[in-house]
Amino acid sequence: MSKVDQHRPLHSAASDLSQVRGGRTDGKELLRPHDQLLTVKGSQQSLQEEPGQHEVPLQDDETGYKLPAPVLHKNNSHKLTFIRSLQDVVQEAQLRTENTGSKVPPPSSPAGRSLSAVRNLIDMINALQEDKVRLQEELSTRESKCQVLSGAPQCEIGDLEGKLTDQTQKLSTLCSELGTTDLEKHLEILVVENDRLKQDLNGSQLQLRHLRRSLSGCSKCDHVEENSQLRERLSRAQVELKKTTEHLSELELEVQRKTEHVSQFEQHLQDVLQGKAEMEEGLNKRIRDYQLTLARQSTPPVKYITKTVQVESAKTKQALEEAQGRNQYLQEQVAVQRQVIHEREQQLQESWHNTAKLQAQIMIYEAELERTRGEMLEELQSMEEEKNCAIEEAFLRAQSEMKAVHENLNGVRMNLLSVQPALKSLTNDYNCLKHQVRDFPCLLQDAICQTKEEIFQMVEEVKEVNRDLLHKYKREMQLRKKCHNELVRLRGNIRVFCRVRPITREDGDGPETRGVVSFDSDDDGVLYVSYRGKTSVFELDKVFPPHALQNDVFQDVQALITSCIDGYNVCIFAYGQTGSGKTYTMEGTPKNPGINQRALGLLFSEVAERSEDWDLTITVSMVEIYNETLRNLLSKDLNEKLEIKLNPDGSGQLYVPGLTEIRVRSVEDINRVFELGRLNRATDCTNVNERSSRSHALLIISIAGTNTTSGVKRTGKLNLVDLAGSERVGKSGAEGHRLREAQNINKSLSALGDVIYALRSKQSYIPFRNSKLTYLLQDSLSGDSKTLMMVQVSPIERSVSETVCSLKFAQRVRSVELGAMGRRTENHYSPSRPDSELEPPPVMVQPGRLSYSQPGFTVGRSSLSGRRKLPATGEISIRPGPT
Ligand SMILES: Nc1ncnc2c1ncn2[C@@H]1O[C@H](COP(=O)(O)OP(=O)(O)OP(=O)(O)O)[C@@H](O)[C@H]1O
């Protein structure tokens, strides 16, 4: 419903009033003689004018309420159009920028700043629009509330005005119809009626005012709540009123029904009474008749009859008897009738009694009905009052709410007014920006072209630098490789390390388990062994003390391992007496793996690193040499015996037909291969440990690579050998198969010594074929190949002679390299007899200062290896070894 519709009752009431006024003019002449009547009319007129007076503020409110919306719409439509055009232009600029493939200007550039300023502006305008929409929604909600709240009082006012009009019409009619005296009487009535109507009207106006106030206060939540509560109460009261009215009408119906019933009953009773009265009358009449008949019949004296009977004939006698019988019967009839009459009288009495009772009950009902009616009226009145109060309150709240709405509206208007200058300045900014944006693509295109050129130039420069760097890098790499190989060559292709295992629980207790090995804290290549009351000094490339970790050892061997990717053949031996830690160093434990597994891991990472330039494959074989028999540990047929043969391709290389080679790509692959090797080794002999210490175990790793750019092929081989424990046969007193095993081990170890010796002394003949071990390792021991011997020693007293023996062997192998200094010790050592009791260099030391004078003997390495070189005679300090 629109505002105009909403106030229509007021307009119609006003028009009605004007009609009434017209009517009053007609009746004016009739009333003129009476001043009282004029007074009444004056009051009536004021009464009639009052709704009109109240109409004006309402209309004003309405106008104030309705006006801002179109104005707002008009203003906002301008702004909206402007904002949309602004957004369109910005979007167009962005799209153009994107289409041209140019980048968004950086925020620090003027274009970027302008763009961000426009964005901010749009955001601000959007926020304002949202605010405006929200306020409009709030406004419409309040309008609808106002409509709802003001609808009821308007109707009431309309009704009241209608009543007033009726009364006025009646008054005029009466004025015209009645004479002066009657008029006075009616005037009094009408004055009273008018006063009442006036009061009603005042009440309604008050309600209207309340409603308006409550309407304007509706913006506050509590008023809304109160309004709704009042409305609820009103509706409840109306429902109760309706119920009560229904109940009243039901009661009235019941009373009516009962009254009808009573009247029916009364009618019936009257009928019955009448019937009884008639019956009684009839009976009385009959009694009277009987009595008359009886009187008539009893007129002749009985005596006469008796006498007559006595004297009369039988006929008379019979007639007498008959008369007596009849008399008897009649008397009986009379008694019966009397009884009946008595009964009827009793019934009549009862009926009267009942009637009195019913009448009393009717009286009670009527009184009850009267009381209920009174109560109902009271209730109705209180409800009416409540309703009026509620309406009044609601009206007041509506009014205050409307006021708040108006205030809000004013605030919005003010906001809009304050926004306008900002909008103006923004428009100016925008126009500026528009120009900038228009020019921006050209500027951007130029900048892009320029930047592209710069970038191309820079890329070219960088490429040039890169080419140069790559060239230098390759040169450096070659140089580094050369240097490295030269270094290795100068250090000697055979390097000798020594690792001293820690004292273990298996070594037991007692004087025989005391440590006899000591170290030089300043030199990690020197080892002291207390033997037969003297301390022997052994000089090696590196000595690992018992506390050295697997990783420490690996750090020093990894350079050798990586060189096999560069195409070198590398051989690493673990040499030493049984139980000195060879297997521990080479294989290690699952949790703490040794050189074998770490070497493969390193190779994998190197392969991955070089994968861009090299296509590398790693294959693995496992071989065991026991009693000079070669066994394939990765074969399915464990009885298969392998032979070493010359390659028929004429390359002069050796190969082992039937040797299993497994390609490995990951640590998991290695573990599987090792597991298979271990299994095959274990299934072949019941005493695995026994057997393992009596055979040489070889892990052969082949690396084949092809350069992805040049196509150059390269192969390298890494032999990781866990040699059988060296044993001094004479000392151990071995017999039978143990003796044969020992002889085979010694034979292969001495063959290894012979080969190394021949290699180092650059003999023309190298006796590789003297044992399966050297024959198999031929290509890893000759040419440019690199060899590392890891001498394992036990630190305890019990093993001291074997320790000294192993160290002597190691030192002699190493001392071959020192031949460059012209001090070769081959005169003191025969490689074919590694177990011989040849004396070590006669340096007998005691803790403290060591004096020596030994021509041809040098402690330390050559000056090229960076170690200290001792003069031919002098002093060195010796630490006492562990006891
Ligand atoms: N560096 C070390 N740290 C801790 N324990 C070690 C070390 N070296 C060897 N051991 C232990 O010493 C014992 C013997 O080692 P290992 O089996 O490796 O000797 P071996 O020389 O291979 O013997 P064999 O020649 O009989 O095969 C093993 O229990 C091993 O765990």
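Residues numbered from 1 in each chain as written. Predicted model: local features only at pLDDT ≥ 70, side-chain atom pairs only at ≥ 80, totals over all residues.

Per an unreviewed UniProt entry, the protein chain carries the name Kinesin-like protein and comes from Callorhinchus milii. A UniProt comment under Sequence similarities (unreviewed entry) is attached to the protein chain, and it reads "Belongs to the TRAFAC class myosin-kinesin ATPase superfamily. Kinesin family." (UniProt positions renumbered as here; feature names shortened; annotations may be inferred.)

**Student:** Please clarify how the packing of helix 10 (residues 550-563) against helix 12 (residues 595-609) should be interpreted in this entry.
**Tutor:** Working note: a packed helix pair is described by the angle between its axes plus the distance between those axes. Where helix 10 meets helix 12, the axes come as close as 10 Å, and the angle between the chain directions of the two elements is 50°. In this view, helix 10 runs oblique relative to helix 12, as classed from their interaxial angle. In terms of crossing hand, the pair formed by helix 10 and helix 12 is right-handed. Of the residues in helix 12, those in contact with V553, F554, V557, Q558, I561 and T562 of helix 10 are I595, R598, A599, L602, L603 and E606. Here the residues of the contact of helix 10 with helix 12 are counted per class, giving eight nonpolar, two polar and two charged. (Axes fitted to C-alpha atoms, helices over the stretch in contact; angles between N-to-C directions. Helix = DSSP H or I, 4+ residues; strand = E, 2+ residues; numbered from the N terminus. Parallel < 35°, antiparallel > 145°, perpendicular 65-115°, else oblique. Left-handed = near helix turned anticlockwise from the far one by under 90°. Contact = placed C-beta atoms within 7 Å. Nonpolar A, V, L, I, M, F, W, Y, C, P; charged D, E, K, R; others polar.)

**Student:** How should the environment of V526 be read in this particular structure?
**Tutor:** Within the secondary structure, V526 sits in strand 3 (residues 523-531). Residues V526 and V543, spaced 17 residues apart in sequence, show a C-alpha to C-alpha distance of 6.6 Å. In contact with V526, not counting residues within four places along its chain, are D520, V537, E539 and V543.

**Student:** Quick question: what am I supposed to make of helix 16 (residues 736-760) here?
**Tutor:** An α-helix turns once per 3.6 residues; consequently, residues spaced three or four apart project the same way. When the terminal C-alpha atoms of helix 16 are compared, their 36 Å separation across 25 residues agrees well with the 36 Å that a helix rising 1.5 Å per residue should span. Remark: K762 follows helix 16 within two positions and exhibits a positive phi of approximately 50°. (Expected span 1.5 Å × (residues − 1).)

**Student:** Help me understand the UniProt feature "binding site: ATP" (unreviewed entry) in the protein chain, please; the structure alone is not making it clear to me.
**Tutor:** The sites that carry the UniProt feature "binding site: ATP" (unreviewed entry) are, in the present numbering, G576, Q577, T578, G579, S580, G581, K582 and T583. With respect to the element layout, G576 can be found in strand 6 (residues 569-576). Residue class for G576 comes out buried when judged on the 30 C-beta atoms lying within 10 Å of it. Not counting residues within four places of it along the chain, the set of residues in contact with G576 comprises K582, G725, S726, V791, Q792, V793 and S806. With respect to the secondary-structure elements, Q577 resides in the loop between strand 6 and helix 11 (582-586). (Buried ≥ 20, exposed ≤ 12 C-beta atoms within 10 Å, placed from the backbone.)

**Student:** Can you help me understand the sheet that holds strand 2 (residues 517-520) in this one?
**Tutor:** In a beta sheet, neighbouring strands are held together by backbone hydrogen bonds and run either parallel or antiparallel to one another. If you walk across this open sheet you meet the three strands as 2-3-4, and the pairing is antiparallel. Of all strands in the sheet, those with a lone pairing partner are strand 2 and strand 4 (534-539), marking the two edges. The mean angle between the axes of side-by-side strands here comes to 30°, regardless of whether they run parallel or antiparallel. Judged from the four bridges that link them, strand 2 and strand 3 form a sheet pairing that is antiparallel. Paired with F519 across the bridge in strand 3 is L527. (Pairing = 2+ DSSP bridges.)

**Student:** How should the pairing of strand 3 be read in this particular structure?
**Tutor:** The antiparallel pairing of strand 2 with strand 3 creates a hairpin that spans two residues between the two strands. Two strands pair when backbone bridges link them, and strand 3 and strand 4 are joined in this way by six bridges, in the antiparallel orientation. Each bridged residue has a counterpart across the sheet, and for L527 the counterpart in strand 4 is F538. Turn length for the strand 3-strand 4 hairpin, with the two strands adjacent in sequence and antiparallel, is two residues, and the turn residue R532 shows positive phi of about 55°.

**Student:** Can you help me understand the confidence of the model for the protein chain in this one?
**Tutor:** When pLDDT is low, close inspection of the predicted coordinates is not appropriate. With 67% of its residues at a pLDDT of 70 or more, the protein chain shows a mean pLDDT of 73. Across residues 1-75, confidence stays below pLDDT 50; counting only partners more than four residues off in sequence or on other chains, it has 80 contacts. Below a pLDDT of 50 lies the segment residues 817-883, which in the model reaches 104 contacts outside its immediate sequence neighbourhood of four places, other chains included. The ipTM value of the predicted complex is 0.98, and its pTM value is 0.45. (pLDDT = per-residue confidence, 0-100.)

**Student:** Even after reading the chapter, I still don't get the nonpolar core, so can you show me in this structure?
**Tutor:** The tendency in soluble globular proteins is for nonpolar side chains to be buried side by side. Membership of the largest hydrophobic core comes to 84 residues, with the highest contact counts inside it found for C498, L527, I572, M789 and V791. With eight residues, helix 16 is the single largest residue contributor to this core. Here C498 is in contact with L527, L540, V543, F544, V791, V793, L807 and A810, once residues within four sequence places are set aside. Core analysis: the next-biggest nonpolar cluster, separate from the first, contains 10 residues, A390, F395, L396 and L409 among them. (Core = buried A, V, L, I, M, F, W, Y, C linked by C-beta atoms within 7 Å.)

**Student:** Any chance you could explain the environment of E386 here in plain terms?
**Tutor:** Within the fold, E386 resides in helix 9 (residues 314-491). Given 17 C-beta atoms within 10 Å, E386 falls into the partly exposed group. C-alpha of E386 to C-alpha of R233: the two residues are 153 residues apart in sequence and 8.7 Å apart in space.

**Student:** What exactly am I supposed to notice about helix 10 here?
**Tutor:** The first and last C-alpha atoms of helix 10 sit 20 Å apart over 14 residues, in line with the 20 Å expected at 1.5 Å per residue. Bending of helix 10 peaks at approximately 45° at the position of V557. Among all positions of helix 10, only V553, F554, V557, L560, I561 and S563 are buried. (Bend = angle between axes of the 7 residues up to and from the residue.)

**Student:** Just checking my understanding: could you explain unusual backbone geometry for this structure?
**Tutor:** For residues besides glycine, phi is generally negative; the peptide bonds are generally trans as well. With a phi angle near 55°, R532 is a residue other than glycine that sits in the positive phi range. One non-glycine residue, N627, adopts positive backbone phi at about 50°. Note on placement: N627 falls in the loop between strand 7 (614-626) and strand 8 (629-632). Judged by the 14 C-beta atoms lying within 10 Å of it, N627 falls in the partly exposed class.

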